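Structural characterization, general
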Amino acid sequence: MAHYNIPDQYRMGALPDNSPHDALTLQWFGTAAFRLTYKDTILLIDPYVTRAGLFRIAFLRLYVNENLCRELFPRANHIIVGHSHCDHLLDVPCIALETSAVVHGSSSTAAVCRGADLPDPQIHQVGTWEPYDIGDFRVTFVPSKHSKVVMNRIPYPGDITGAPKPPLKTRDYKHGDTYVLVIEAGDLRMMHMGSADFFDEELERVGPIDIFLMGLAGRGSTENFMQRVTAHTKPRIIVPQHFDNFFSPFHKGLLLNHGVDPDGFFADAKQHCPDADIIMPDILDGAAFDPATRTRII
């Protein structure tokens, strides 16, 4: 499978050097994984870089690539988790143990962290629609749902209970409560959707946002996905994510996930949200924004 070449007009490019201290920066690590920095806080979203191969995902126990996690995430203050499937949660306890970051997520996320012997002070089981001051960010966990990505079904539904000891199998990582993450840095509002489905009434409450970190995997199984999601949130900037083949090793670069259809995504965005800028990242690409003006720093 060939490396995917992002069209030049959409390409995000490298994270700028020497961004101001009060800038918001984001960097993409494949799947739904981002590192956000703002003032003195490093916030990770769904940091998954182990990228287990398809055979292991299907049949074997999952082991964290600890060296790669240390290389890519040497520091973090907080980690937020949108749902508890392995491609969002597997690496989280390892990164938290190495960095002393606090993990914020559902009861299922908390169960996996307990099983990995993360200390209780580093585990925060969240509620919905309660804004949390997480370092210099404010984060709200909005009720959402997972898309029907496998044969028109949601994979591994249900909750994780107890404190399961790793290594676990893929089926053990049930999705648990699923969230859309609304993240505020100063006057700038960002939304992360790690799976391409949602509740209309919940997104109506979210309202307009500046930056939409839009998961593309499974959007084809969600009726009128682009039309509905952009009507509720009216994003000014769309950053597509979770469109890559996350069974391929991290250092092999950007390969497309099966059925993502980026050209269809570009056409849908142009039709339903024509005024939004699309900034598409390659792996490790990044961007910086001024929270006061809510504009990109070039």
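Look a little higher up for the structure.
Read on for an overview of the structure. (Residues numbered from 1 in each chain as written. Predicted model: local features only at pLDDT ≥ 70, side-chain atom pairs only at ≥ 80, totals over all residues. Heavy atoms only, no water.)

1. A short note on unusual backbone geometry
To keep it simple, the criterion reads: Secondary structure elements are taken from DSSP: a helix is a run of H or I of four residues or more, a strand is a run of E of two residues or more, and numbering for both begins at the N terminus. Type-normalised accessible area, obtained with a 1.4 Å probe on protein chains alone, sets the label of each residue: buried when under 20%, exposed when over 50%, and partly exposed for intermediate values.
Cis geometry marks the peptide bond from Pro166 to Pro167, where omega comes out at 5°. Relative to the assigned elements, Pro167 resides in the loop between strand 8 (137-144) and strand 9 (178-185). Located in the positive-phi region is Ser100, a residue other than glycine, with phi close to 65°. In this fold, Ser100 is placed in the loop between helix 4 (92-99) and strand 5 (102-105). Phi angles above zero are rare outside glycine, and Asp261 is one such case at about 55°. Inspection of the secondary structure assignment puts Asp261 in the loop between strand 12 (237-241) and helix 8 (262-272). Asp261 gets classed as partly exposed once you look at its relative accessible area, which sits at 44%.

2. Side note on the state of the cysteines
For clarity, the threshold we go by: In plain terms, two cysteine sulfur atoms within 2.5 Å form what is called a disulfide here.
Tallied over the entire structure, the rule returns zero disulfides. The thiol of Cys69 is not disulfide-bonded; the next cysteine sulfur, from Cys94, is found 4.7 Å away. Given a relative accessible area of 2%, Cys69 falls into the buried group. With no disulfide partner, Cys113 has as its closest neighbouring cysteine sulfur the one in Cys94, 11 Å distant. Residue Cys113 is classed as buried on the basis of its relative accessible area of 0%.

3. Observations regarding helix 8
Quick reminder: α-helices carry 3.6 residues per turn. Residues three or four places apart thus point the same way. Condition: Any two residues having at least one pair of non-hydrogen atoms within 4.5 Å are treated as being in contact.
Every buried residue of helix 8 is listed here: Pro262, Gly264, Phe265, Phe266 and Ala269. Taken together, the buried residues of helix 8 touch strand 11 (211-215), helix 7 (225-233), strand 12 and strand 13 (277-278).

4. Topic: the pattern of salt bridges
To be explicit about the condition: Any carboxyl oxygen of Asp or Glu within 4 Å of a side-chain nitrogen of Lys or Arg constitutes a salt bridge here.
By the definition in use, this model includes nine salt bridges. Here Glu66 and Arg70 are joined by a salt bridge, their closest N and O atoms 3.2 Å apart. With a gap of four residues between them, Glu66 and Arg70 both fall in helix 2 (residues 66-72), about one helical turn apart. For Lys165, the salt bridge goes to Asp117, with nearest N and O atoms at 2.9 Å. Of this pair, Lys165 sits in the loop between strand 8 and strand 9 while Asp117 is found in the loop between helix 5 (107-115) and strand 6 (123-125), placing the two residues 48 residues apart along the sequence. Assessed through its relative accessible area of 53%, Asp117 is described here as exposed. It is possible to trace a salt-bridge network through shared partners that takes in Glu66, Arg70 and Glu98.

5. Concerning a nonpolar patch on the surface
Just so we agree on the cut-off: What makes a patch is a set of residues exposed beyond 30% relative accessible area and free of salt bridges, joined within 9 Å when like-charged and within 5 Å when nonpolar (Val, Leu, Ile, Met, Phe, Trp, Tyr). For accessible areas, the Shrake-Rupley method is used with a probe of radius 1.4 Å. Any residue's cover is judged against the shown protein chains and nothing else.
A cluster of nonpolar side chains, namely Phe55, Phe59 and Leu60, defines an oily patch on the protein surface of about 330 Å² accessible area. Of note, Phe55 is situated in helix 1 (residues 54-59).

6. Brief notes about the pairing of strand 1 (residues 24-28)
Definition in use: By the convention used here, strands pair only if DSSP detects at least 2 bridges between them.
Within strand 1, five of the five residues are buried, leaving the element largely enclosed by the surrounding structure. Two strands pair when backbone bridges link them, and strand 1 and strand 2 (residues 34-38) are joined in this way by five bridges, in the antiparallel orientation. Residue pairing for strand 2: Leu24 is matched across the bridge by Tyr38. What sits between the antiparallel neighbours strand 1 and strand 2 is a turn of five residues, in which Gly30 has the positive phi angle 85°. Direction of pairing for strand 1 relative to strand 14 (residues 286-290): antiparallel, over a ladder of four bridges. The residue of strand 14 that forms the bridge with Leu26 is Ala287.

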